[in-house]
Every structure is written in structure tokens, then in C-alpha cells.
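Here's the letter readout for the chains.
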Amino acid sequence: MSSDAVSTAAPVVIVGSGLAGYAVAREFRKLDKETPLIVLSRDHAGFYSKPMLSNALAGNKTAASLLMKTADKMATELNASVRAGVSLQGLDTAERRLTLTDGAVLNYRDLVLALGADPIRLPLAGDAADTVLSVNDLDDYARFADALEGARSVAILGGGLIGCEFANDLLHRGIVPIVLDVADRPLSRLLPAEGSAWLRARLEAAGVTFRLGVAASRVDRVEDGGVRLALSDGSSLRADRVLSAIGLRPRVAIAEAAGLAIGRGITTDRLLATSAPHVYAVGDCAEVAGLNLPYVMPLMQQSRALAATLCGQSTPVVYPAMPVLVKTPACPTVVCPPPPEATGEWNVASTDEACEARYVDPDGRLLGFALLGTATSKRQALAAEVPAWFTD
Ligand SMILES: Cc1cc2nc3c(=O)[nH]c(=O)nc-3n(C[C@H](O)[C@H](O)[C@H](O)COP(=O)(O)OP(=O)(O)OC[C@H]3O[C@@H](n4cnc5c(N)ncnc54)[C@H](O)[C@@H]3O)c2cc1C
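Per chain, residues are indexed from 1 in the order of the written sequence. Per-residue local features are limited, in this predicted model, to residues with pLDDT of at least 70; the limit for side-chain atom pairs, both in listing and counting, is 80 or more; totals at the level of whole chains, interfaces and linings are taken over all residues.

## A look at the overall build of the chain
Regarding its fold elements, the chain presents 10 helices and 24 strands. We take the radius of gyration over the C-alpha atoms and set the globule estimate at 2.2 Å times the residue count to the 0.38 power. Taken over the C-alpha trace, the chain has a radius of gyration of 22 Å; the compact-globule value for 392 residues is 21 Å, and the two agree within 12%. Over its C-alpha atoms, taken along the principal directions, the chain stretches across nearly 70 × 60 × 35 Å. Residue burial is a threshold on neighbouring C-beta atoms within 10 Å of the residue's own C-beta, all placed from the backbone, with 20 or more meaning buried, 12 or fewer meaning exposed, and counts in between meaning partly exposed. Looking at the chain as a whole, 41% of its 392 residues qualify as buried. Residues are scored as being in contact if the C-beta atoms we place from backbone atoms lie within 7 Å. Sequence separation of at least 24 residues holds for 62% of the intrachain contacts in the chain that already meet a minimum separation of 6. Secondary structure elements follow DSSP: runs of H or I no shorter than four residues count as helices, runs of E no shorter than two count as strands, and numbering proceeds from the N terminus.

Here it is, written out as C-alpha cells:
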């Protein structure tokens, strides 16, 4: 048999069992019930919803109760082979072949990289720097929940979406969250200044403390079992635990070593095709047509488009308005950022109950929005006004 014939008979292989990997698998199975399908993951390969990790304390959730379906259940549902605890090690795109850390070698018809992203770690000095936690998967959440036993305060590095969500969630455990950020306001990359101020006031009223415009440089143990953070303004801060939430970096190393084009993530076109034939990338690891969008709605759009392409119907991804719900119940918030290259300005109107920010271009067209408080009820109406990206 020729190598091409081998590849045609080979399975579709998805590496990664996060929301992106399983979304592609589900969408693919809706269209093709027969082609052999393999999902590989270096973790447990069970299905869970990652966004729930930052509001799980409120519901007294454990890592076990957050697991929605085991790998075996997913395998049955998807009529797929699901292999847990196996890491992709190398990739030979000319031979359409994967090498796994258990020594196995696997041929693929098509390969989908859904590898996710790693939390960015600050280069912190100090003898407690290694105790700084981050939460980016179910195992991290289990460690975080354990570490909270007996804690009364948590310093959170990063006042973005994830940092603010964890801050709000910790309040449900009676733990004081102290949010630090080098920016002078929370959610600085998603909200206009007035929106940040509105959010900050409500989170503060609920019990969150902010230390803004400062960076942490070291974390040291103190005798009472807590830690002391040294800050860039010369001050210091005591907390029982430290959680880092300063951002994510797409996992690109294996793709890069295999010679694939890399930008902010694994570079793909709108078909989710990488620079190598028969290799695709989706989710947090992918930079799709110049954009790395680490949220659920984009990966759902990508997965639907890719499934159709894998079934022979070339389908470029389209992004409709994709509002992101910020899970801060103390200040309900929805953001729908404008496209990165957009030119326009924020128009903000606020009362005690609501803050509504509209991002409009010079012709008055709505390109994005941020809604806080009771203004969140306008989410659907405004989303319908925002034009889709990539409509050509
Ligand atoms: C706390 C938190 C809250 C969030 N809340 C929201 C929200 O409210 N709304 C929203 O839209 N987005 C939210 N997000 C973002 C959203 O959850 C992510 O965009 C999405 O889950 C990413 O899915 P993924 O499958 O691309 O990556 P991941 O879920 O990280 O999956 C990556 C998979 O790849 C596997 N893997 C990695 N390397 C290898 C290898 N070498 N070999 C084999 N397997 C490998 C991993 O084991 C894992 O299974 C949140 C993120 C976090 C961390």
C-alpha cells in the first residue's frame, strides 16, 4: 500500500481533550459516524467545563463533582478511542505520523491540535515563589481548593477576567481577595475606564481589595504560615496564599519543532489549516487568521467549521458577535470586545444600577460593547447589531 493510501485509511486524530478537542470530536461525529476517531490527552481525558473553575467555590464544587463525563463515557458517546495520560511528543507532517511519550507511533488521515495554553508564570524571587498557584485545569483546581483550607486571605496576581472572577468566588468562602495588577484598573483590556471604575466599586463593596499600579517581585514565607509579597512601589503585602492569573501562552512547542508556522499561537487560516497539509489547530493554542481568542464561543465556531472541512466541505470560520460573560455576580458584566484593528471610541452612560458602554466607529456603527449591572439585559439586542468578523 502507498503511504498516501495508508494515510487515507488512517484515523482522524485529535490531540487534547479540552473544550476545543471535544467540540471538534462532537461536531465531526454529527457529520461522520464511521471514520475511525482517536482523542489523545496527557490528562485524564474526562469532560469538564473549564469556565466553571472560576465560580466553583460558590457552589461548593470539588474537582470530582466538576467532572461531567469520564474518558470511557466520552469514548462511548463519540464512538472514538479516547486515550488518557498520553502525551504527544513529536510530529512528522511529511509522513503524517505522531510519536507519543509512551513510545507509540500513530498515523493520521487528519490531525487536529487542540493543545490549549499554559499559564504565564511571573519570574518571582523569594523562598515561597514556588507556592504560587494557578488554575487552568481540573487538577489545578483540586490543588487550589486544598490550599484554601484554613486560608483567610488570597493575593491574586492579575486583575483581568480570571483574576476578578476568582476574587468574587473567594468571597463565597469568606476569604479576603486582594487583587494586584500593574494596570491602574481591573479588566483594563476589556473595559473602558468608566466601566472598570464601575466594576471596581461594586467588587470593593462586596469585599474585594485592589492594589493597582504595582507589580509583585518576590514572595517569601512568614512565620505565621502565610507569605509576604514585595511590591514595586516599595511596599509589601501579607496573604495566606497567592494565585497567579496574569494570562496564558498558547502551547506551540511541538508544532514549532515540527516546522509549523507559529505566531501568537499555531498559525492557521480560516479553514483552521496550519502551514502543514492535513494538520489543523483549534482553541487556545491556535492563532486563526491573525487572532488568538482564548474563549469558548470562538472555539465552538472553529469546531463547527473544521468538522465540516474534515468531512469534505471546506468551511471558513465566521465569528458572529461573541459576548463573554464575566462571572462576577457582585457586578454582572458582559463584554463584547471590538475587533483588534477597529478604529472608534467608547461612549459610556451609567447610573447607580447600570453601566452601558458602546464602542462605535466614526460612522456610528456599533462594533463592540460592555454592559454592567442591569444593563446586561441588553446583551442579545446589542449582539444582534454587531457585525460578524470575517464576512468576506
Ligand atoms: C478559570 C477559567 C475561567 C474561564 N472562564 C471563561 C468564560 O467564562 N467564558 C469563556 O468564553 N472562556 C472562559 N475561559 C477560557 C476557556 O475556558 C478556554 O478558552 C477553553 O476552555 C480552552 O479550551 P482548549 O480545549 O483550547 O484548551 P484546554 O482546555 O487547555 O485543553 C488542552 C488539552 O490539551 C492537552 N494537551 C496539551 N499538551 C498535550 C500534549 N503534548 N499531548 C497530549 N495532550 C496535550 C491537555 O491535557 C488538555 O486536554 C476560562 C478559562 C479559565 C482558565
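What follows continues from the structure just given.
## What about helix 9 (residues 296-310)?
Helix length check: helix 9 (15 residues) gives 21 Å between terminal C-alpha atoms against 21 Å at 1.5 Å per residue, within 8%. By the criterion of burial, helix 9 is predominantly enclosed, with 11 of the 15 residues buried. Burial in helix 9 covers these residues: P298, L299, Q301, Q302, S303, R304, A305, L306, A307, T309 and L310. The inward-facing, buried residues of helix 9 contact strand 1 (12-15), helix 2 (19-31), strand 7 (110-113), strand 18 (279-281) and strand 19 (286-288). For a helix, the expected span equals 1.5 Å multiplied by the residue count minus one.

## Notes on the sheet that holds strand 12 (residues 216-221)
The strand order across the open sheet built from 3 strands is 12-13-14, with neighbouring strands paired in antiparallel fashion. Because the sheet does not close on itself, it has two edges, and the strands there are strand 12 and strand 14 (236-239). Averaged over neighbouring strand pairs, the angle between their axes works out to 25 degrees when direction is ignored. Any two strands with at least two DSSP-identified bridges between them are counted as paired. The pairing of strand 12 with strand 13 (residues 227-231) spans 5 bridges and is classified as antiparallel. Looking at strand 13, one finds that R218 is bridged to A230. For helices, the axis comes from a line fit to the C-alpha atoms of the stretch in contact; other axes are also lines fit to C-alpha atoms, and the angle between any two N-to-C directions lies between 0 and 180 degrees.

## Thoughts on the site of the ligand
The immediate surroundings of the ligand are formed by 35 residues, with G16, G18, A20, G116 and G283 found nearest. Elements supplying a minimum of two residues to the shell around the ligand: helix 2, helix 9 and strand 20 (324-326). Gly is put with the polar residues, along with every residue not named as nonpolar or charged; the nonpolar set is Ala, Val, Leu, Ile, Met, Phe, Trp, Tyr, Cys and Pro, and the charged set is Asp, Glu, Lys and Arg. Of the residues in the shell around the ligand, the class split is 19 nonpolar, 10 polar and 6 charged. Throughout the structure description, domain borders are defined by an automatic or database domain assignment. Both domains that furnish three or more residues to the shell around the ligand are identified here as domain 1 (3-118 + 248-310) and domain 2 (121-244). We call a residue near a molecule or strand if the C-beta atom, set from the backbone, is within 6 Å of it.

## Considerations on the domain arrangement of the chain
The domain architecture assigned to the chain consists of domain 1 (3-118 + 248-310), domain 2 (121-244) and domain 3 (332-385). Taken over C-alpha atoms, the centre of domain 2 sits 28 Å from the centre of domain 3. Among the residues forming the side of domain 2 that touches domain 3, the class breakdown is 5 nonpolar, 1 polar and 1 charged.

## What to know about the environment of N168
Along the chain, N168 turns up in helix 6 (residues 161-171). Sequence separation between N168 and K327 is 159 residues, and the spatial gap between their C-alpha atoms is 8.2 Å. Setting aside chain neighbours within four positions, we find N168 in contact with L203, V208, T328, P329 and A330.

## Brief notes about unusual backbone geometry
One non-glycine residue with positive phi stands out, namely H278, at about 65 degrees. Here H278 falls in the partly exposed class, since 17 other C-beta atoms lie within 10 Å of it. At A289, a residue that is not glycine, the phi angle is positive and equals roughly 50 degrees.

## With respect to the pairing of strand 10 (residues 176-181)
Of all 6 residues making up strand 10, 5 are buried, and the element is well covered by its neighbours. Orient the strands so they point away from the viewer, and a crossover whose first-strand-to-second-strand path over the helix runs clockwise is right-handed. Read as a crossover between parallel neighbours, the route from strand 9 (residues 153-157) over helix 6 to strand 10 is right-handed. For strand 10 and strand 11 (residues 209-212), the ladder comprises 4 bridges, and the chain directions are parallel. What sits directly across from V179, in strand 11, is F210. You can see the chain leave strand 10, run along helix 7 (residues 193-206) and come back into strand 11, and the turn it takes is right-handed.

## Some remarks on the nonpolar core
Core membership is restricted to buried Ala, Val, Leu, Ile, Met, Phe, Trp, Tyr and Cys residues, and these are joined into a nonpolar core through C-beta atoms within 7 Å. One finds A155, I156 and V242 to be the most contacted residues of the largest nonpolar core, which totals 56 residues. Apart from residues lying up to four places away in sequence, V242 is in contact with T131, V132, L133, A155, L157, V219, V227 and L229. Listed in part, the 52 residues of the second largest apolar core include L115, A117, I254 and V288.

## Concerning the environment of A128
With respect to the secondary-structure elements, A128 resides in the loop between strand 8 (117-119) and helix 5 (138-147). Put simply, A128 and R228 are 100 residues apart on the chain and 8.7 Å apart in space, counted from C-alpha to C-alpha. Setting aside residues no more than four positions away along its own chain, A128 makes contact with V219, D220, R221 and V227.

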